[in-house]
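These are the residues of each chain, in order.
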Amino acid sequence: MKIVQKINHPLLKRDQVVFEIEHKGAKTPKTDELLQKIVEITKTSQELIKIKRVIPEYGAAKSKIIANIYRDENAFKHIEIIRKKSKKKEDGKKEASKE
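Colleague: An account of the pattern of salt bridges is needed here, citing residue identities and associated values.
Modeller: Counting across every chain of the model gives 5 salt bridges. Between Glu 20 and Lys 2 there is a salt bridge; the shortest N-O distance is 3.8 Å. With Glu 20 in strand β2 (residues 14-22) and Lys 2 in strand β1 (residues 2-9), this residue pair connects regions lying 18 residues apart in the sequence. Linking Lys 77 and Glu 73 is a salt bridge whose minimum nitrogen-to-oxygen distance equals 3.6 Å. On the criterion of helical spacing, the pair formed by Lys 77 and Glu 73 is a turn pair, its members being 4 residues apart in helix α2 (residues 73-80).

If you want it as structure tokens, here you go:
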């Protein structure tokens, strides 16, 4: 596994890194396996890494991995964790009005 490109995003407090991995004679590695290899290469915590995409090359035993590596946990939480809106009690009112 090698680093192909590294882009610094200072406002988002992260680095976007593009890796390339060769996997001859094997299938495309799972995300968990790739995450462990990225941790070994970058020497950062697993909680600060988000793998965005794994793009296998057709006909070649190569894959491109796009990952975001955050500088602190606070920046990771604000950007990567999507907050789900809780369903309000209005859903119950709509069901009652349909009857």
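What follows continues from the structure just given.
Colleague: Tell me about the sheet that holds strand β4 (residues 62-70), and name the residues and values.
Modeller: Pairing is antiparallel in the open sheet, where 4 strands are placed in the order β1-β2-β4-β3. Only two strands of the sheet have a single partner each, and these edge strands are β1 and β3 (49-56). The average undirected angle you get between the axes of adjacent strands in this sheet is 15 degrees. Of the pairings in the sheet, the one linking β2 to β4 comprises 9 bridges and is antiparallel in character. Its bridge partner lying in β4, Glu 20 is registered against Lys 64. Strands in contact with helix α1 (residues 31-42) are β1, β2, β3 and β4; relative to β3, the strand with the most contacts, it is inclined by about 120 degrees. Running over the sheet, α2 touches β2, β3 and β4 and is turned about 115 degrees from β4.

Colleague: Lay out the packing of aromatic side chains in plain terms, naming residues and giving numbers.
Modeller: For the structure on display, the rule yields 1 aromatic pair. A centroid spacing of 5.4 Å and a plane angle of 85 degrees characterise the contact between Tyr 70 and Phe 76, whose relative ring orientation is edge-to-face. Its relative accessible area of 2% is what places Tyr 70 among the buried residues.

Colleague: An account of the pairing of β3 is needed here, citing residue identities and associated values.
Modeller: Both β3 and β4 contribute to a ladder of 7 bridges, which runs antiparallel. By the bridge assignment, Lys 50 is partnered in β4 with Asn 68. Taking the residues that link successive antiparallel strands as the turn, the β3-β4 hairpin has 5 residues, and the phi of Gly 59 there is positive, at about 85 degrees.

Colleague: I'd like a description of α2, backed by residues and values.
Modeller: Think of an α-helix as 3.6 residues a turn; residues three or four steps apart then line up on the same face. All of the buried residues in α2 are Ala 75, Phe 76 and Glu 80. End-on view of α2: buried residues confined to an arc of 100 degrees, all on one side of the axis. The inward-facing, buried residues of α2 abut β2, β3 and β4.

How each quantity is defined
Residues numbered from 1 in each chain as written. Predicted model: local features only at pLDDT ≥ 70, side-chain atom pairs only at ≥ 80, totals over all residues. Heavy atoms only, no water. Salt bridge = Lys/Arg side-chain N within 4 Å of Asp/Glu carboxyl O. Helix = DSSP H or I, 4+ residues; strand = E, 2+ residues; numbered from the N terminus. Pairing = 2+ DSSP bridges. Axes fitted to C-alpha atoms, helices over the stretch in contact; angles between N-to-C directions. Contact = heavy atoms within 4.5 Å. Phe/Tyr/Trp six-rings, centres within 6.5 Å; stacked < 30°, edge-to-face > 60°. Buried < 20%, exposed > 50% of the residue type's maximum accessible area, 1.4 Å probe, protein only. Arc of directions from axis to C-beta.

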